[in-house]
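# Structural overview for review
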Amino acid sequence: MPSGVVIKMLNNLSNRSLSQWISGDGPEGDIVLSSRIRLARNLEKYPFPNRASKEERKAVIAEVREAISGIEDYRLHYIEMADLPELERELLVEKHLVSPVHATDGPEKGVFIDDNEKISIMVNEEDHIRLQVLTAGLQLKEAWGIASELDDILEDKLDIAFSKRWGFLTACPTNLGTGLRASVMVHLPALNLTNNIGKMLTAVSQLGLAVRGLYGEGSESIGNLYQISNQVTLGHSEKDIMENLVTVTQQVINQERKAREALQQDVKVIDNVKRSYGILKYAYQLSSDEAIRLLSNVKLGIDMGIIDYVEDKVLRELMILIRPAHIQKMHGKELVTIERDIKRAELVQALLKS
Amino acid sequence: MICQRCNKNISSVHLTKIVNGQKSELYLCEDCARESGHLSFTENNPFDFTNFLKGILNPEEEIYGDYFQEDRCSLCGMSYQDFTKNALLGCSNCYIEFENRLEPILRRIHGNIVHNGKVPKRTGGTLRIRKEIEEYKEEMQRAVDNEEFERAAELRDKIKELENMLAVRGGDKDVE
């Protein structure tokens, strides 16, 4: 497929380019793909979404819309979830802008998204307000700065449920207090290759943090992608929660770098990187899982300096673009698995060539 | 709607399948959905997060029995039993009404039961100012220890300013 066609297809994907957090390069970008801050807030005078009536849910949306309309620094657009076709909703999930639960059918749910797809504010998810800021690389403090500023603006106009003793009141007691979930998405192929991943996961979970594979079940992760986040939300300040996460992440980065150094001359690793590149370039069909595994190998190859003929940015974008809703959106229709796998291989080839 | 498989029970599962643009719909009762393998129910997995949490929330059931479980929030009408099923509270007031029962649960989840983070500027009232004063005082002490006296003086002025603000707002009354 000529690359011109692919570029046209990519433009089809959305009127804007890919989210800033995906395409942009950030600090420690060879290991940390993105950082995320999420704040849970509720309006004092309405029951939480799970107990609110249709009218109350509507009223919450109206109040939040009104409060957000006053924000001038960020251009936030409102999307009513019920107005979106299923494929578009899936697309937002793949871009990490709404949660899978928020994308399922259900009335009176909405989301505000800014032009850079850095900020998303879900309304009537588990809590009335779920404010999220996504940044490239390890930039939790920056993300927190934006989130806290937006939180201040909303709080200035809305009566937020808060108790002096228990902090911000949330529908689920696991979010109580700060309502803060800070997380980083890390790529740890070398720890996996040197059989150190299990030890690392255990150590991290003993430090009050939760680790889960981004794709795949439990501690199994496809593509060596893991999300590390704070477990506890009550009793610690936001600053402490973030510092703990950053300190531990820094340790994980150091360990991954050491493992990469140890593998620098490893014939098997070099061979695997190059083979993976070969398959990505010439396969006729690629499943999601296989593509993610191979992209992970090639990303390691780029970051270790084994290959220099692929741009890191292209690779990071591919990790999102190869997902099912993105492939289908590019082709403007629903596709069965086998069709998707062929289109996925075409897309990967075209982007690796360009 | 009656279940399309057993034609007996009321359907509670609505299945929409779209394969290559062909849409098919199916209404099943929970038993049939499970038996026919159309859905894998996460509730079968005791380590699924919500189920795990539910187990933690419900240890008192045997001691107090139904009487205790039937307590309802006077504002949103949620019963404590609803909470143990969904692991979700119904409204802000639930935290007040079920305070005593939530306390041990919160201790188990968080290890702490007193908020130590951000305080909303408006609804938090003077509490936020007090917290800022505390933070500045700590910082000032550190500055003094490090012999950064200029910095310490700056902080002292800030503290004074905030204390004046507190006085203007009516001082010692905490806004809750």
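Note that residues are indexed from 1 along each chain, following the sequence as it is written. Here every chain gets a letter starting at A, and every ligand a number starting at 1, in the order they are written. A pLDDT threshold of at least 70 governs which residues receive local features in this predicted model, and a stricter bar of 80 or more applies before side-chain atom pairs are shown or counted, although totals over entire chains, interfaces and linings include all residues. Hydrogens and water are ignored here; the side-chain numbers use all heavy atoms of the structure.

Further remarks concern the overall build of chain A. When helices and strands are counted, chain A shows 14 helices and 10 strands. The globule rule puts the C-alpha radius of gyration for 354 residues at 20 Å, and the 21 Å found for chain A is close to it. Principal axes of the C-alpha set define a box for chain A whose edges measure 60 × 45 × 35 Å. We get accessible surface area from the Shrake-Rupley algorithm with a probe of 1.4 Å; when it comes to residues, only the shown protein chains can shield them. With an accessible surface of roughly 14600 Å², chain A has 48% of that area assigned to carbon and sulfur atoms. Each helix corresponds to a stretch of at least 4 residues labelled H or I by DSSP, and each strand to a stretch of at least 2 residues labelled E; elements are numbered beginning at the N terminus. For a compact globule the rule gives 2.2 Å times the number of residues to the power 0.38, and the radius of gyration it is set against comes from C-alpha atoms.

Attention shifts here to the packing of aromatic side chains. Pairing of aromatic side chains here covers Phe, Tyr and the six-membered ring of Trp, requires ring centres within 6.5 Å, and sorts the geometry by plane angle: under 30 degrees stacked, over 60 edge-to-face, intermediate tilted. By the definition in use, this model includes six aromatic pairs over all chains. A ring pair is formed by phenylalanine 162 of chain A and phenylalanine 168 of chain A, whose centres lie 5.0 Å apart and whose planes are at 65°; its orientation type is edge-to-face. Residue phenylalanine 162 of chain A shares its accessibility class with phenylalanine 168 of chain A, and that shared class is buried. Grouping aromatic residues by their ring pairs yields a cluster made of Tyr80, Phe83 and Phe98 of chain B. Each residue's exposure class comes from its accessible area (1.4 Å probe, protein chains only) as a fraction of the maximum for that residue type: buried when under 20%, exposed when over 50%, partly exposed otherwise.

A word on the interface of chain A and chain B. With 44 residues of chain A at the interface, the matching set in chain B holds 38 residues. Here's the idea: put two parts together, see how much 1.4 Å probe accessible area each one loses, and the total over both is what we call buried area. Here chain A and chain B share an interface that buries about 3700 Å² over both sides, 56% of which is from carbon and sulfur atoms. Of all residues in chain A, the largest losses of buried area upon contact with chain B belong to Lys164, Arg165 and Trp166 of chain A, amounting jointly to 19% of the total for that side. When a carboxyl oxygen of Asp or Glu is within 4 Å of a side-chain nitrogen of Lys or Arg, the pair counts as a salt bridge. Here chain A is connected to chain B by five salt bridges. With a closest N to O distance of 2.7 Å, arginine 165 of chain A and glutamate 103 of chain B form a salt bridge. Sorting elements by how many residues they give to the side of chain A that touches chain B places helix α6 (residues 140–157) of chain A first, with seven residues. For this classification, Asp, Glu, Lys and Arg are treated as charged, while Ala, Val, Leu, Ile, Met, Phe, Trp, Tyr, Cys and Pro are nonpolar and the rest, including Gly, are polar. Split into classes, the residues belonging to the side of chain A that touches chain B amount to 17 nonpolar, 11 polar and 16 charged. Should any heavy atoms of two residues lie within 4.5 Å, those residues are counted as being in contact.

All right, on to the side chain of glutamate 94 of chain A then. All names here are of chain A. Looking at the secondary structure, you find glutamate 94 in helix α4 (residues 86–94). Positive residues here are Lys and Arg, negative ones are Asp and Glu, while His and the chain termini are left out of the count. Although glutamate 94 is buried, it forms no salt bridge, and the closest oppositely charged side chain is arginine 323 at an N-O distance of 4.7 Å. For glutamate 94, the residues in contact, after removing those within four places along its chain, are Ile320, Arg323, Pro324, Ala325 and His326.

Our next topic: the pattern of salt bridges. Counted under the stated rule, the structure contains 32 salt bridges over all chains. With a closest N to O distance of 3.8 Å, lysine 137 of chain B and glutamate 163 of chain B form a salt bridge. With lysine 137 of chain B in helix α7 (residues 126–145) and glutamate 163 of chain B in helix α8 (residues 149–168), the pair connects residues that are 26 residues apart, well separated along the chain. Across the pair arginine 151 of chain B and glutamate 154 of chain B runs a salt bridge, and its minimum N-O distance is 3.3 Å. Taken as a pair, arginine 151 of chain B and glutamate 154 of chain B lie in helix α8 at a separation of three residues, close to a single helical turn. With a relative accessible area of 30%, arginine 151 of chain B lands in the partly exposed category. Residues participating in the shared-partner salt-bridge network are Asp25, Glu256, Arg260, Lys299, Asp303, Asp312 and Arg316 of chain A.

With that settled, consider the pairing of strand β1 (residues 32–41) of chain A. In summary, the side chains of a regular strand alternate between the two faces of the sheet. All names here are of chain A. Across the 10 residues of β1, nine count as buried, placing the element largely inside the fold. Any two strands are treated as partners once DSSP identifies two or more bridges connecting them. Sheet topology places β1 next to strand β8 (residues 180–187); seven bridges connect them, and they run antiparallel. Bridge pairing links isoleucine 37 to alanine 182 in β8. With eight bridges joining them, β1 and strand β5 (residues 129–136) adopt antiparallel strand pairing. In the sheet register, serine 35 faces β5, and the bridge partner there is threonine 135.

Moving on: the sheet that holds strand β4 (residues 119–123) of chain A. Residue and element names in this part refer to chain A. Taken in spatial order, the eight strands line up as β2-β3-β4-β5-β1-β8-β10-β9 in an open sheet, and their pairing is antiparallel. Of all strands in the sheet, those with a lone pairing partner are β2 (76–80) and β9 (209–213), marking the two edges. Neighbour-to-neighbour, the strand axes of the sheet open up by a mean angle of 20°, direction not taken into account. Lines fitted to C-alpha atoms define the axes, with helix axes restricted to the stretch in contact, and inter-axis angles between N-to-C directions lie between 0 and 180 degrees. Strand contacts of helix α8 (residues 197–205): β9 and β10 (225–230), with the helix running at about 145° to β9, the strand carrying the most contacts.

What follows is about the environment of lysine 258 of chain A. All names here are of chain A. Residue placement: lysine 258 occurs in helix α9 (residues 238–262). Take lysine 258: its relative accessible area is 54%, and that puts it in the exposed class. With 67 residues separating them along the chain, lysine 258 and leucine 191 place their C-alpha atoms 8.9 Å apart.

Below, the discussion takes up the packing of α4 of chain A against helix α13 (residues 324–331) of chain A. Residue and element names in this part refer to chain A. Relative to each other, α4 and α13 sit at 135°, their axes nearing to 8 Å. In terms of their interaxial angle, α4 and α13 are classed as oblique. Handedness of the α4/α13 crossing: left-handed. For the pair α4 and α13, contact is made by Leu87, Glu88, Glu90, Leu91 and Glu94 and by Pro324, Ala325, His326, Gln328 and Lys329, respectively. Should an angle fall under 35 degrees it is called roughly parallel, over 145 degrees roughly antiparallel, and 65 to 115 degrees roughly perpendicular, with every other angle called oblique. Definitions for this section: a left-handed crossing has its near helix turned counterclockwise from the far helix by less than a right angle. A right-handed crossing has that turn clockwise.

Read these as spatial facts, not as claims about activity.
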